[in-house]
Structures are given as C-alpha cells and as structure tokens.
Amino acid sequence: MRILVTGGFGYLGGRIAQSLSAEGHSVVLGSRTKQQPPRWLPDASVAQIEWDNSECLLAVCEEIDVIVHAAGMNAKDCLLDPEGAIKFNAKSTEKLVIASIEAKVSKFIYLSTAHVYCSPLHGEITEENPVLNKHPYALSHNKGEDAILFYSKDAKNFEGIILRLSNGVGVPANRNANCWMLAVNDFCRQAMESGTIEINSPSAVERDFFPIELLCKTVNSIIFLDNLNENIINVSSSRTKSLLQIIEIISKRAEKLFGFKPEAIFKNND
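Okay, so let's go over this structure. Treat the numbers as computed from the prediction; the structure is a model and nothing was measured.

1. Regarding the sheet that holds strand S4 (residues 66–69)
Link 1 in the chain: Across the sheet, seven strands lie side by side as S3-S2-S1-S4-S5-S6-S10; this open sheet has parallel pairing. The strands lining the two open edges of the sheet, one partner per strand, are strand S3 (45–48) and strand S10 (232–235). On average, each strand axis in the sheet is inclined to that of its neighbour by 20°, with strand direction left out of account.
Link 2 in the chain: Examined bridge by bridge, strand S2 (residues 26–31) and S3 share four bridges and lie parallel to one another. Each residue of the ladder has a partner; that of Ser31, found in S3, is Gln48.

2. With respect to the nonpolar core
Link 1 in the chain: Ranked by size, the top nonpolar core spans 32 residues in total, and within it Leu20, Ile109, Leu163, Leu215 and Val219 carry the most contacts.
Link 2 in the chain: Of all elements in the fold, only strand S1 (2–6), helix H1 (11–22), S2, S4, strand S5 (107–113), strand S6 (159–165) and helix H7 (212–224) reach the threshold of two or more residues within this core.
Link 3 in the chain: In terms of residues, this core owes the most to one element, H7, which gives six residues.
Link 4 in the chain: If we ignore the near neighbours within four places in the chain, the residues touching Ile109 are Val66, Ile67, Val68, His69, Ile161, Leu163, Val219, Ile222 and Ile223.
Link 5 in the chain: Membership of the second largest hydrophobic core comes to 29 residues, among which are Ala47, Ile49, Cys61 and Tyr110.

3. Remarks on the side chain of Ser166
Link 1 in the chain: Within the secondary structure, Ser166 sits in the loop between S6 and strand S7 (167–169).
Link 2 in the chain: Given the relative accessible area of 14%, Ser166 is considered buried.
Link 3 in the chain: Within the structure, the side chain of Ser166 is placed 2.7 Å from the side chain of Asp208, a separation counted as a polar contact.
Link 4 in the chain: Excluding its chain neighbours within four sequence positions, the residues that come into contact with Ser166 are Ala114, Asp208, Phe210, Val235 and Ser236.

4. Overview of the side chain of Ser100
Link 1 in the chain: Mapping Ser100 onto the fold places it in helix H4 (residues 82–102).
Link 2 in the chain: In this structure Ser100 comes out as buried when scored by relative accessible area, which is 0%.
Link 3 in the chain: Not counting residues up to four positions away in its chain, the partners in contact with Ser100 are Cys61, Ile67, Val105, Phe108 and Phe158.

5. Let's talk about the sheet that holds strand S9 (residues 206–211)
Link 1 in the chain: On the basis of which strands lie adjacent, the open sheet formed by three strands has the order S7-S9-S11 and mixed pairing. Strand pairing shows two members of the sheet lacking a second neighbour, S7 and strand S11 (240–242), which therefore form its edges. For this sheet the average axis-to-axis angle between neighbouring strands, irrespective of direction, equals 55°.
Link 2 in the chain: Bridge count for S7 against S9 is three bridges, and the pairing is parallel. Bridge pairing in S9 places Asn167 opposite Phe209.

6. Remarks on the packing of aromatic side chains
Link 1 in the chain: By the definition in use, this model includes four aromatic pairs.
Link 2 in the chain: Aromatic side chains Phe150 and Tyr151 sit 5.0 Å apart centroid to centroid with 90° between the ring planes, which places their arrangement in the edge-to-face category.

7. Considerations on the packing of helix H2 (residues 54–61) against H4
Link 1 in the chain: Contact geometry for H2 and H4: axes closest at 8 Å, N-to-C directions at 50°. Between H2 and H4, the angle is such that the two are oblique. Judged by the sense of rotation from one axis to the other, the crossing of H2 with H4 is right-handed. On H4, the residues touching Leu57, Leu58 and Cys61 of H2 are Lys95, Leu96, Ala99, Ser100 and Glu102.
Link 2 in the chain: Counted by class, the contact of H2 with H4 contains five nonpolar, one polar and two charged residues.

How each quantity is defined
Residues numbered from 1 in each chain as written. Predicted model: local features only at pLDDT ≥ 70, side-chain atom pairs only at ≥ 80, totals over all residues. Heavy atoms only, no water. Pairing = 2+ DSSP bridges. Helix = DSSP H or I, 4+ residues; strand = E, 2+ residues; numbered from the N terminus. Axes fitted to C-alpha atoms, helices over the stretch in contact; angles between N-to-C directions. Core = buried A, V, L, I, M, F, W, Y, C linked by side-chain atoms within 4.5 Å. Buried < 20%, exposed > 50% of the residue type's maximum accessible area, 1.4 Å probe, protein only. Contact = heavy atoms within 4.5 Å. Polar contact = N/O pair within 3.5 Å; in protein donor to acceptor, adjacent residues only side chain to side chain. Phe/Tyr/Trp six-rings, centres within 6.5 Å; stacked < 30°, edge-to-face > 60°. Parallel < 35°, antiparallel > 145°, perpendicular 65-115°, else oblique. Left-handed = near helix turned anticlockwise from the far one by under 90°. Nonpolar A, V, L, I, M, F, W, Y, C, P; charged D, E, K, R; others polar.

Below you can see the structure in the form of structure tokens.
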C-alpha cells in the first residue's frame, strides 16, 4: 500500500514510517518544509504539505491508500498558543480529512491522546469514559477527533480511526525530533550528558508508558483489517510505573551498557 505519514520526521511519525516501510509499504513522509528522504528511511518519498492550501492537501492525498496523521502541536506549545492549537490540531485535521475523502483514501488513522479524558488521568479508563479535559492540548485533539467522526459517518469506502495514546517510549528514528522534553527521553539524555538525572516531579507520580513498537504493531494491524467495530481505540500498557521505578530501570541499563550508574536528584519531595 501507499501510505502517507504526516509529521513523518517527528517522534512517533518517524518510527511508524520505518515500521510501515519494513512491512513492504510505500511510505510518503509529510513535512511542512521541503526535504530530501532521510538517511534513516532512504526509500521513502517526501511530500511538502501546506496546511492552509486545500489544493495542496488534495494533491498530497492523491493515490494514497492510507493516511497516518501524526502531525500536531505538543502539549507545551498548545498551552502557549491555544488558538494555534485549535487551528492546527483541529482545523488542519478537518481539512486533511476532507481532502482524503475526496481523493478516495480508504483509511485515516489519527494519533490523538488519552489526556482528552481528564487531568490527571486516574482509575480505570475505557473508550466509553467521558471527555472532560479542557487543556488546549486535549481540547484541540478532541475537536480533531470530532471532525474525523463527523465526516466518517457518511463517507463511502472511508474509515476514520482514532488512537488515544498514553505515553509512548522509545528511541526516535530522527534524533532531531522534538521529543527530548518527554520524561523518559529527558532522563536518558541527562544521564548520558551529565551522569545525573534531575527530576522535577514527585518520585511517586505514576504514568502509563508503552513501547512505541506497540503503536507500530497496532497501526500495522489496523491497516490490514477490513473493518473495525470501533472508531476509537486506547493505546497503552494498562500498567503504571512511578517515576522512581523508571529512573531505576534507566540506571540499571546505563550501568549494564556503559558502566556507570547516574545519580538521581529529586527536586520535589511532595
């Protein structure tokens, strides 16, 4: 299949693109800027996307079988620019869905976030839980979801699937991807650069982390399924780990692989 991965040079998009290519698919990396195929995926082609240009979006979608929409503003940028978050995470998603239906794309897989449910996430959460979080990151993604569900219900030979992700963990395909502020990535970076890990959150804070490989396998499975019974799927490990447990895992790996154990400095003892 010919598959477009928007945000293809990003953290999740890059890994998904590599996985799809390894499965034998023809991968197109979507990017705001004009770029050459990267060294980490030389067989891919690159499509420059002008998100405010409907004709460009339609042209990019032509002869595409499946779209994996991984482009989006991160939580920090959404908080700094709530209007920009709605414009991109919601409005640009809607424009891409419309273009993909017109171009006869068969499947549209949208990477959303589990944070649409509530903040902080707690207890048992299923796809039936109400969406309550009003943070600009969650709100803008939820509006992107609404666009997919709205246009999918009446479109023929088109399926929109929403993946609500917890916290993906793994090495980026593109080392310059904007991912080094994420907790596990940041801890690993600190350990290698300074031999210490400073943690600003309380050590007992628990989060759900899943390997990015799980997301790649999920996307691959969805592509080959004829019909899904559900449009919304949570992607997580369903098991939480505290930040202290994560630091212990990183420390053990650093000691085994590189012969040193980084010092952990917890700056918040609440």
